[in-house]
Amino acid sequence: MSLLDIKNLTIHYETDAGCVEAVNDVNLKLEKGETLGLVGETGAGKTTIALGIMRLVPDPPGVIKNGEIFFEGKDLRTLREKDMRKIRGGRISMIFQDPMTSLNPVKTVEEQITEVIRLHQKLSKAEAERKACEMLELVGINAERITDYPHQFSGGMKQRVVIAIALACNPELLIADEPTTALDVTIQAQVIEMMIKLKNDLQTSMILITHDLGVVAEMCDKVGIMYAGEIVEYGTLEDIFDGEQHHPYTVGLFGAIPNLDVETDRLTPIEGLMPDPMNLPEGCNFCPRCKYADEHCKTANPVSHEVGEGHFIKCHRFAKEG
Amino acid sequence: MSHLLEVKNLKKYFKTANGALHAVDDVTFTLDENETLGVVGESGCGKSTLGRTVLGLHDATEGEIWFDGENITNVSKAKFHELRKEMQIIFQDPYASLNPRMTVGDTIAEPLQIYGMFTEGNDRDVRVKELMDLVGLDQRFINSYPHELDGGRRQRIGIARALALEPRFIVCDEPVSALDVSIQAQILNLMQDLQEKQNLSYLFITHNLSVVKHISDKIMVMYLGQMVELSDGKELFVSTLHPYTKALLSAIPRASIHQNRQRIILKGELTSPINPKPGCRFAPRCNYATPACFEKNPALEEVLPNHFVACHNVKEINGL
């Protein structure tokens, strides 16, 4: 049994202006101890999947139209809100992108860490405070600073505090939404190093949402490439970075980043823009920007083809003969 | 002959309640026609303040700025008004740097209007459409408002506006940082094409080392207001000499799984630029710091041909 098994997940935002098809028919599996990277550009639906797992999709306008989310064999969608609250922050926790806004400015760090501990574990106030100090030391902050307020910390340290809160109840699954995007590179390197160490020490499974392929290469075991609400390619780190066969969007994504190790005169951008999620093309979502697109691509949305064991590409070019 | 832009020992201090904030401290460089100088550093290193001071948006505290053979340090407002035709800026955030109540056409035409660059109403539209073509913005957007457009298109408006007066020098302050990678590549290519077509010189400010390597002829690395390393083109990446630059380079996550490189993790974070202590500003985080580093500020020295480094121990560290 996989730790997390998402089947045919479809999430839409039904607004007055129209229906935003944010996540369409997504299938994902995550085994215990694994780290899955979800890569894609703004609006690809990465964060909506995370919110879907946490059952935090703002409703209205967000609606989970279809699909199942099995966590340790239980479908999270069928749980009562009361039971879901026990899981959220306890068994599954989430780190948000911006550490500046995800901490409460009028509460000390101690109050914020003990809050989550006391919600999920039957500990006395003193025990919870001791645990909070331990967590802070674990993420590399001196426990003396526990009575400080968030504004007294720098950006990198705030993100460490957020990570301490997320890990305080020893979750099975950690969802990290762009955890290092708001940080400077040298600080990012510190935080990534720390997250890899914690993940290995605590055996936490992780979903890492990012647009940075470099961060994925450092941290992930499996990778899902998202485009316009769909997972267009899924495989192991080796499949995505070294494999022979790729979705045209994955190729485009790699071509568009300036590479420190390769000299190029001009970059090769993906021409055009991501389609409007309120008005997705009838066939393949990538076909308006794809150089291989033919008539078939314009009318029929491709299914995922398994091109190698566990390596899936959602493109007509990889359909089996006959 | 003289350089297009020459900055000598430029300093910009801000007064704060706790003392002087040394945002830019003794920066010297030259920039020639059709050249790009990349300025890299982390938040708070003074790279944006440098760009703004060069453009006269801040008064310089000390030092000199020469543009086209003329000293333009702290000249009058009227003189700077004239200079604006030659020197422009592209801002980081295409969401915040455009007036939400002005159409694309009005935004691009505004500089033309201020400088009286067209006589009749018709000329204006012709010129605006010309500029839109130049930056690859479809003419049908001329009456659109910024909120109707995506980030990449908005950044194209910012570029068209900067090009309207046909400047020779543009400060690009993180022009692609707010954009998605596939759009970022489009804008970088556009900026390179425009440079060739219009003979532009760029002061390209960014925190992204891969971008800076891709686009720059010369690269300057800043740390807490000071230059720590300045070198020609790709030289910086071939022989990296300053310990901070080494750490910065090793910190970038690479999109490749075949590198077992040794990552240098820096201790701690940036110290405060307010009333900095004597000594090298990087010393508290430096793995090679010696007692001398905490006493005397290292001067920028030419260690290899056209490769300047400010570090007391540069020779020992690199075995030179």
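Before any of the text, the structure's been laid out above.
Position numbers for residues count from 1 along each chain, tracking the sequence in the order it is written. Chain labels run from A onward and ligand labels from 1 onward, assigned in the order the entries are written. The model is predicted, so local features are restricted to residues of pLDDT at least 70 and side-chain atom pairs to those at 80 or more, both for listing and for counting; the totals for chains, interfaces and linings are taken over all residues. Heavy atoms throughout the structure, all of them, feed into the side-chain values; hydrogens and water do not.

### Some words on the overall build of chain A
Thought 1: A count of helical and extended segments in chain A gives 10 helices and 12 strands.
Thought 2: The reference for a compact globule is 2.2 Å times residues^0.38; the radius of gyration itself is calculated from the C-alpha atoms. Its C-alpha radius of gyration of 21 Å places chain A within 12% of the 20 Å reference for a compact globule of 322 residues.
Thought 3: Judged by the C-alpha coordinates and their principal axes, chain A covers about 65 × 50 × 40 Å.
Thought 4: Remark: exposure states derive from per-residue accessible area (1.4 Å probe, protein chains only) relative to the maximum for the residue type, with buried under 20%, exposed over 50%, and partly exposed in between. A burial count over chain A gives 54% of its 322 residues as buried.
Thought 5: A fraction of 64% describes how many contacts in chain A between residues 6 or more apart in sequence connect residues 24 or more apart. In DSSP terms, a helix is any run of H or I states spanning at least four residues, a strand is any run of E spanning at least two, and both are numbered starting from the N terminus. Contacts between residues were defined by any pair of non-hydrogen atoms, one from each residue, lying within 4.5 Å.

### Digging into the packing of helix 3 (residues 109-120) of chain A against helix 4 (residues 125-138) of chain A
Residues and elements named next belong to chain A.
Thought 1: Running from amino to carboxyl end, helix 3 crosses helix 4 at an angle of 115°, the nearest separation of the two axes being 9 Å. The angle between helix 3 and helix 4 falls in the class roughly perpendicular. The crossing of helix 3 and helix 4 is right-handed. Only Lys 125, Ala 128, Glu 129, Lys 131, Ala 132 and Leu 136 of helix 4 make contact with helix 3, whose side of the interface consists of Val 109, Glu 110, Ile 113, Thr 114, Ile 117 and Arg 118. Under this scheme, a helix contributes an axis fitted over its contacting stretch, all axes are lines through C-alpha atoms, and angles between N-to-C directions fall in the 0 to 180 degree range. Angle categories: roughly parallel below 35 degrees, roughly antiparallel above 145, roughly perpendicular from 65 to 115, and oblique for all the rest. Handedness of a helix crossing follows the sense of rotation of the near helix relative to the far helix, less than a right angle counterclockwise being left-handed and clockwise being right-handed.

### Observations regarding the pairing of strand 3 (residues 35-39) of chain A
Residues and elements named next belong to chain A.
Thought 1: Of all five residues in strand 3, five are buried; the element is thus mostly enclosed.
Thought 2: Judged by which residues are buried, strand 3 turns out to be covered on both faces: Thr 35, Gly 37 and Val 39 on one side and Leu 36 and Leu 38 on the other are all buried.
Thought 3: When DSSP finds at least two bridges between two strands, those strands are taken to pair. Bridge count for strand 3 against strand 8 (residues 205-210) is five bridges, and the pairing is parallel. Looking at strand 8, one finds that Gly 37 is bridged to Leu 208.
Thought 4: Across four bridges, the pairing between strand 3 and strand 9 (residues 222-227) is parallel.

### Describing the interface of chain B and chain A
Thought 1: Taken together, the contacts link 43 residues of chain B with 42 residues of chain A.
Thought 2: Carbon and sulfur atoms make up 55% of the area that chain B and chain A hide from each other, which totals about 3600 Å².
Thought 3: Think of a salt bridge as a Lys or Arg side-chain nitrogen and an Asp or Glu carboxyl oxygen that are within 4 Å of each other. Counting every contact that joins chain B to chain A gives two salt bridges.
Thought 4: Counting of polar contacts relies on pairs of N or O atoms within 3.5 Å, with two restrictions inside protein: one atom must be capable of donating a hydrogen and the other of accepting it, and residues adjacent in sequence are counted only when both atoms are side-chain atoms. At the junction of chain B with chain A, the criterion picks out 14 residue pairs in polar contact (both at pLDDT 80 or more).
Thought 5: Elements represented by at least two residues in the side of chain B that touches chain A include exactly helix 6 (181-198), helix 7 (209-215) and helix 9 (243-251) of chain B.
Thought 6: Among the elements that make up the side of chain B that touches chain A, the one with the highest residue count is helix 6 of chain B (11 residues).
Thought 7: Amino acid classes used here: Ala, Val, Leu, Ile, Met, Phe, Trp, Tyr, Cys and Pro are nonpolar; Asp, Glu, Lys and Arg are charged; the rest, including Gly, are polar. Of the residues contributing to the side of chain B that touches chain A, the split by class is 17 nonpolar, 12 polar and 14 charged. Two parts placed together each lose some accessible area under a 1.4 Å probe, and adding up what both lose gives the buried area.

### Comments concerning the nonpolar core
One broad trend across soluble globular proteins is that nonpolar side chains are buried collectively.
Thought 1: By nonpolar core is meant a set of buried Ala, Val, Leu, Ile, Met, Phe, Trp, Tyr and Cys residues that side-chain atoms within 4.5 Å join together. A:Ile95, A:Ile113, A:Ile163, A:Met195, A:Met219, A:Ile225 and A:Tyr249 are the most contacted members of the largest nonpolar core, which has 60 residues in total.
Thought 2: Broken down by element, this core gets its largest block of residues, eight residues, from helix 5 (residues 155-167) of chain A.
Thought 3: Once residues within four sequence positions are removed from consideration, A:Ile225 is found in contact with A:Val39, A:Glu230, A:Ile231, A:Val232, A:Glu233, A:Ile240, A:Tyr249, A:Thr250 and A:Leu253.
Thought 4: B:Ile108, B:Ala162, B:Leu165 and B:Leu194 belong to the second-largest nonpolar core, a separate cluster that totals 41 residues.

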